[in-house]
Amino acid sequence: MNERSLIDKILNGIVVYETVRIYDGKPFAVKEHYKRLINSLSYLGREDEVSLNDFEKEIEKNISFDRVKVFAIVSDKVELYSVGENILTKRVESVKIDISNVRHADPSSIPPNFKSLSRADVFLARQNKGDNYDVILLGQKGQVCEGSFSNVFLVKGGKIITPSLESGILEGITRTFVIDMLKENGYTVEEKIVEVKELFYADEIFLTHTSMGIVPVNYLGKFSLKTELSEKFSRMFEEYLHAKIG
């Protein structure tokens, strides 16, 4: 696909995508990412036009990179396009986040699991995050939803809490694996509607996303947070991923 053709198809269609992390030359959670891409395409009635084999071939083209973005460009037909990227592979120690002044799109308007490049709420939140690593978007009722590229977890009294899918969030693949890992290690994980005040009463907060796994948060705005458990979880998750990949 030449550049002019690619631009024309993007301008006259819509693009859904997935980001796959590569660890030691091996892609992680390929089937899970493929399933979510197909779910995005299902909102457009085009889920039968991309096979798992097609998806895997795009990843294989970029297997030497740290992560691969696979785009499904939907116009008169669905075409796959992929880009490999090298990212900071060193584990992020801790970051600063804040609450976004941009509200999360209502799920009745834009389905949370429709992962497309045309999400104006996410784009605006990222554009206005300043020096924060990420910002947390609140839903139409003021509930905590998710970051502009991450899922959110809180630690309170030894319990781990995260916004439920009913909050109107993307079903993050790393989020799912983190929940499984924590439960397998004896931690209590509660998925529920989270009020914004709970963020400020939390002992710790951490983010999860494909590129960096678990990212501890040491500042929410001007409020400092502990990172002891979050840092432990981050190390645990790296070991967990490598064990899963084999």
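Up top is the structure.
Report follows, based on the coordinates. Starting from 1, residues in each chain are numbered consecutively following that chain's sequence as written. Local features are withheld for residues below a pLDDT of 70 in this predicted model, meaning they are given only at 70 or higher, and side-chain atom pairs are given and counted only at 80 or more; totals for whole chains, interfaces and linings count all residues. The side-chain quantities take in all heavy atoms of the structure and omit both hydrogens and water.

Turning to empty space enclosed by the protein, a few remarks are in order. For cavity detection a 1 Å grid was placed over the protein atoms alone, and a set of points counts as a cavity when a 1.4 Å probe fits there but cannot get out; an open set counts as a pocket when protein lies on both sides within 12 Å along at least five of seven lines, with lining residues being those that have an atom within 4 Å of a point. Grid points are joined across faces, edges and corners, and a volume is the space filled by probe spheres set on the points. In total, this model carries one cavity of 30 Å³ or more according to the counting rule given. Working definition: helices are DSSP H or I runs of at least four residues, strands are E runs of at least two. Numbering for both runs from the N terminus. Of all the secondary-structure elements, those providing two or more residues to the lining of the largest cavity are β1 (14–23), α5 (173–184) and α7 (228–245). A total of three residues in the lining of the largest cavity trace back to one element, the largest contributor, which is α5.

Once that is clear, we can look at the layout of surface pockets. In this structure, the largest pocket encloses a volume near 790 Å³. Around the largest pocket, the lining comprises 35 residues; the ones closest to its centre are Tyr 17, Lys 115, Arg 126, Ser 148 and Phe 149. Broken down by secondary-structure element, the contributors of at least two residues to the lining of the largest pocket are β1, β3 (67–74), α4 (120–127), β7 (144–147), α5 and β11 (204–209). All amino acids are sorted into three groups, where Ala, Val, Leu, Ile, Met, Phe, Trp, Tyr, Cys and Pro are nonpolar, Asp, Glu, Lys and Arg are charged, and the leftover types, Gly among them, are polar. Within the lining of the largest pocket, the residues separate by chemical class into 13 nonpolar, 14 polar and eight charged. The volume enclosed by the second largest pocket comes to roughly 280 Å³. Along its surface, the second largest pocket is lined by Glu 32, Lys 35, Arg 36, Asn 39, Asn 113, Glu 171, Gly 172, Ile 173, Thr 176 and Phe 177. Secondary structure elements with two or more residues in the lining of the second largest pocket: α2 (30–42) and α5. Residues that form the lining of the second largest pocket fall into these classes: two nonpolar, four polar and four charged.

In this section: the pattern of salt bridges. By salt bridge we mean one thing: a side-chain nitrogen of Lys or Arg within 4 Å of a carboxyl oxygen of Asp or Glu. Throughout the structure, instances matching the rule amount to 10 salt bridges. Residue Arg 36 is joined to Glu 18 by a salt bridge in which the shortest nitrogen-to-oxygen separation is 2.8 Å. Within this pair, whereas Arg 36 is found in helix α2, its partner Glu 18 is found in strand β1, the two being separated by 18 residues in sequence. Comparing Arg 36 with Glu 18, the two get one shared label, buried. Here Glu 49 ties to Arg 46 by a salt bridge, and the two come within 2.5 Å at their closest N and O atoms. Working definition: with a 1.4 Å probe on protein chains only, accessible area under 20% of the residue-type maximum means buried, over 50% means exposed, and in between means partly exposed.

Here Lys 69 shows up in strand β3. In this structure Lys 69 is buried but unpaired, with Glu 85 as the nearest side chain of opposite charge at 4.6 Å. A distance of 3.2 Å separates the side chain of Lys 69 from the side chain of Thr 19, its partner in a polar contact. Excluding residues within four positions of it along the chain, Lys 69 makes contact with Tyr 17, Glu 18, Thr 19, Tyr 81, Ser 82, Val 83 and Glu 85. Counting rule applied: Lys, Arg positive; Asp, Glu negative; His and chain ends not counted. Two N or O atoms count as a polar contact when they lie within 3.5 Å, although within protein this holds only if one can serve as hydrogen donor and the other as acceptor, and sequence-adjacent residues are included solely when both atoms are side-chain atoms. Residues count as neighbours in contact if any of their non-hydrogen atoms are within 4.5 Å of one another.

With respect to the helices and strands, the residue Ser 148 is situated in the loop between β7 and β8 (151–156). Of the residues examined, Ser 148 reaches a relative accessible area of 5% and is grouped as buried. Sequence separation between Ser 148 and Val 122 is 26 residues, and the spatial gap between their C-alpha atoms is 5.2 Å. Excluding residues within four positions of it along the chain, Ser 148 makes contact with Val 122, Ala 125, Arg 126, Asp 134, Val 135 and Leu 137.

Our focus in this paragraph is unusual backbone geometry. A positive phi is found at Asp 24, a non-glycine position, where the angle reads about 50°. Owing to a relative accessible area of 67%, Asp 24 belongs among the exposed residues under this scheme. Backbone geometry places Ala 29, a non-glycine residue, at a positive phi of 60°. Summarising the element assignment, Ala 29 is placed in the loop between β2 (26–27) and α2. Among the residues examined, Ala 29 registers a relative accessible area of 9% and is labelled buried.

Within the fold, Glu 146 resides in strand β7. A distance of 2.6 Å separates a polar atom in the side chain of Glu 146 from a polar atom in the side chain of His 104. At a separation of 3.0 Å, a polar atom in the side chain of Glu 146 contacts the main-chain amide nitrogen of Leu 170. Glu 146 has contacts with His 104, Val 135, Ile 136, Leu 137, Asn 151, Val 152, Gly 168, Ile 169 and Leu 170, leaving out every residue within four places of it along the chain.

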